[in-house]
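Residues per chain are reported as follows:
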Amino acid sequence: MATSVFHQPIGTAQSHQHLQNSDFHHEFGHASVKLTFKGFKVETGLSSREGFSSSRRKFGVVQASASHTSVVQPVSYPPNNSTDELRKKSSEAALILIRHGESLWNEKNLFTGCVDVPLTKKGVEEAIEAGKRISNIPVDMIYTSALIRAQMTAMLAMTQHRRKKVPIILHNESEQAREWSKIFSEDTKKQSIPVVTAWQLNERMYGELQGLNKQETADRFGKEKVHEWRRSYDIPPPNGESLEMCAERAVAYFKDHIEPQLLSGKNVMIAAHGNSLRSIIMYLDKLTSQEVINLELSTGIPMLYIFKGGKFIRRGSPAGPTEAGVYAYTRRLALYRQKLDEMLH
Ligand SMILES: O=C(O)[C@@H](CO)OP(=O)(O)O
């Protein structure tokens with residue numbers, strides 16, 4: 001079997017060869033990935049200055065909306081710069097990314113984009129399986145796209161979580177929606193995980209390809225043209241979004257809304273889509289526009305990053321609920337595991 005990409009430093013030319021390997025996404029899902037947890041010491045991704053300053057700049061917006069919600073604990077920054085630097089250095093949190101399980105249009109091989117299609121039975125099973133893999137990893141906040149396939153995936157995955165907190169979708173679309181979904185028990189709030197839905201995390205908008213069969217489109221316009229529409233970085237499909245355009249809104253959302261949560265020590269799960277997640281991974285792993293072309297994500301396979309000292313450290317895909325190695329990554333995760341064991345036994 002080929003070496004897993006997680007045996008290799010992601011930031012090297014060699015590892016990008018691995019990213020280009022078409023086995024890449026299968027390897028995420030293979031049980032042997034657990035070996036890769038041992039001695040993996042590569043730091044990749046964000047050198048965060050730019051990201052954080054932009055996060056801070058827009059942070060008022062996050063706080064303003066969070067303060068109206070019933071379950072999100074707003075995060076706040078200390079005013080003083082040196083304390084801020086210290087916090088940046090000391091904070092650590094888990095970030096789980098998951099592409100939704102198979103949808104009914106994945107099954108039919110149709111371009112889906114922003115069409116709101118549900119999961120197949122296989123997709124439901126994939127989401128549950130994904131949930132088992134991450135069932136011991138703390139999750140304090142969930143972000144999903146506005147599309148049902150990502151939301152189903154997040155909710156189904158959480159049915160498997162050992163902590164048994166209840167994921168609750170926040171409704172901030174109007175004052176009335178906020179009022180009507182209020183929770184009046186602090187205890188119940190503590191046993192909840194806020195789920196934020198954001199259109200910015202949606203699949204790229206596929207324009208006039210939405211609803212078309214991928215094979216028939218390739219037969220009609222040529223395999224190369226269709227590959228260019230599907231995987232080039234900056235060439236949009238007819239009247240749709242290029243990956244670059246999708247990245248503009250998805251990565252901006254990540255920087256402005258999700259990074260501040262990670263920075264405050266919240267463990268975050270994002271359930272989204274092939275292309276919105278490819279653009280976020282491009283940012284986290286600092287892939288070039290050439291490298292991202294060959295990055296493929298499987299449906300329903302969670303990917304774990306540790307956010308530490310202002311950097312994203314890629315940890316691969318948790319092999320299963322019994323994989324103790326996952327928790328050795330950071331002291332906080334180890335403590336969380338210990339507490340969880342004490343609580344549940
Ligand atoms: O149809 C879509 O919306 C996407 C994801 O399924 O397809 P592609 O992999 O071609 O970007």
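The model shown is predicted, which means the values in this text are computed figures rather than measured ones.

The rules we used
Residues numbered from 1 in each chain as written. Predicted model: local features only at pLDDT ≥ 70, side-chain atom pairs only at ≥ 80, totals over all residues. Heavy atoms only, no water. Near = heavy atom within 4 Å. Polar contact = N/O pair within 3.5 Å; in protein donor to acceptor, adjacent residues only side chain to side chain. Areas by Shrake-Rupley, 256 points an atom, 1.4 Å probe, with all protein chains shown as cover. Salt bridge = Lys/Arg side-chain N within 4 Å of Asp/Glu carboxyl O. Helix = DSSP H or I, 4+ residues; strand = E, 2+ residues; numbered from the N terminus. Axes fitted to C-alpha atoms, helices over the stretch in contact; angles between N-to-C directions. Parallel < 35°, antiparallel > 145°, perpendicular 65-115°, else oblique. Left-handed = near helix turned anticlockwise from the far one by under 90°. Contact = heavy atoms within 4.5 Å. Nonpolar A, V, L, I, M, F, W, Y, C, P; charged D, E, K, R; others polar. Pairing = 2+ DSSP bridges. Buried < 20%, exposed > 50% of the residue type's maximum accessible area, 1.4 Å probe, protein only. UniProt positions renumbered as here; feature names shortened; annotations may be inferred. Phe/Tyr/Trp six-rings, centres within 6.5 Å; stacked < 30°, edge-to-face > 60°.

Caption draft 1: Expanded view of the site of the ligand. In the vicinity of the ligand, the residues found are R99, N106, L110, F111, T112, G113, E203, Y206, K214, R230, R231 and N275. Between an oxygen atom of the ligand and a side-chain N or O atom of R231, the distance comes to 2.8 Å. A distance of 2.9 Å separates an oxygen atom of the ligand from a polar atom in the side chain of N275. If the ligand stood free it would expose 310 Å²; the protein chains cover 95% of that surface.

Caption draft 2: Seen up close, the pattern of salt bridges. Taken as a whole and assessed by the stated rule, the structure comprises 10 salt bridges. When the shortest N-O distance is used, the salt bridge between K122 and E102 registers 3.7 Å. Taken together, the residues K122 in helix 7 (residues 121-133) and E102 in the loop between strand 1 (92-99) and helix 6 (104-107) connect sequence positions 20 residues apart. Here D285 makes a salt bridge to R314, at a shortest N to O gap of 2.1 Å. One end of the pair, D285, is in the loop between helix 14 (274-284) and strand 6 (302-308); the other, R314, is in strand 7 (residues 311-316), with 29 residues separating them in the sequence.

Caption draft 3: Expanded view of the packing of helix 13 (residues 243-263) against helix 14. In the contact formed by helix 13 and helix 14, the axes pass within 8 Å of each other and the chain directions differ by 65°. It follows from the interaxial angle that helix 13 and helix 14 lie roughly perpendicular. For the element pair helix 13 and helix 14, the recorded crossing hand is right-handed. Of the residues in helix 14, those in contact with L243, C246, A247, A250, V251, F254, K255 and E259 of helix 13 are N275, S276, R278, S279, I280, Y283 and L284. Here the residues of the contact of helix 13 with helix 14 are counted per class, giving 9 nonpolar, 3 polar and 3 charged.

Caption draft 4: Up close: the sheet that holds strand 4 (residues 192-197). Strand order in the open sheet made by the 7 strands is 3-4-2-5-1-6-7, with mixed pairing throughout. The two strands at the open ends of the sheet, each matched to only one other strand, are strand 3 (166-169) and strand 7. On average, each strand axis in the sheet is inclined to that of its neighbour by 25°, with strand direction left out of account. As paired strands, strand 3 and strand 4 are joined by 4 bridges and run parallel to one another. The residue bridging V166 from the neighbouring strand is S192, located in strand 4.

Caption draft 5: Structural context of the pairing of strand 2 (residues 141-144). A two-sided burial pattern is seen for strand 2, the buried positions comprising M141 and Y143 on one face and I142 and T144 on the other. Where strand 2 lies against strand 5 (residues 268-272), 4 bridges are found, and the strand directions are parallel. Counterpart to T144 in the pairing with strand 5 is A271.

Caption draft 6: A look at the packing of helix 7 against helix 8 (residues 148-158). Interaxial distance between helix 7 and helix 8 falls to 7 Å at its minimum, and their mutual angle equals 50°. By the criterion of interaxial angle, the relationship of helix 7 to helix 8 is oblique. Crossing geometry of helix 7 relative to helix 8 is assigned as right-handed. Contact residues: helix 7 offers V124, A127, I128 and G131, while helix 8 offers M152, T153, L156 and A157. Residue composition of the contact of helix 7 with helix 8, grouped by class: 6 nonpolar, 2 polar and no charged.

Caption draft 7: Focus on the UniProt feature "site: Transition state stabilizer" (unreviewed entry) in the protein. The sites that carry the UniProt feature "site: Transition state stabilizer" (unreviewed entry) are, in the present numbering, H273. Assignment of secondary structure puts H273 in the loop between strand 5 and helix 14. The class for H273 is buried, based on a relative accessible area of 0%. Setting aside its immediate chain neighbours within four residues, H273 contacts R99, H100, S145, L147, R149, A150, L201, N202, E203 and R278.

Caption draft 8: Representation of the packing of aromatic side chains in the model. For the structure on display, the rule yields 6 aromatic pairs. Ring geometry for F254 against Y283: centres 5.9 Å apart, planes inclined by 70°, an arrangement best described as edge-to-face. With a gap of 29 residues between them, F254 in helix 13 and Y283 in helix 14 connect regions that are remote in the sequence. Ring centres of F254 and F312 lie 5.8 Å apart, and the angle between their planes is 55°; on these two criteria the pair is classed as tilted. Residue F254 is found in helix 13, and its partner F312 is found in strand 7; the two are separated by 58 residues along the sequence. On the basis of relative accessibility, which here comes to 0%, the residue F254 falls in the buried class. Looking at F312, the relative accessible area reads 0%, which means it is buried.

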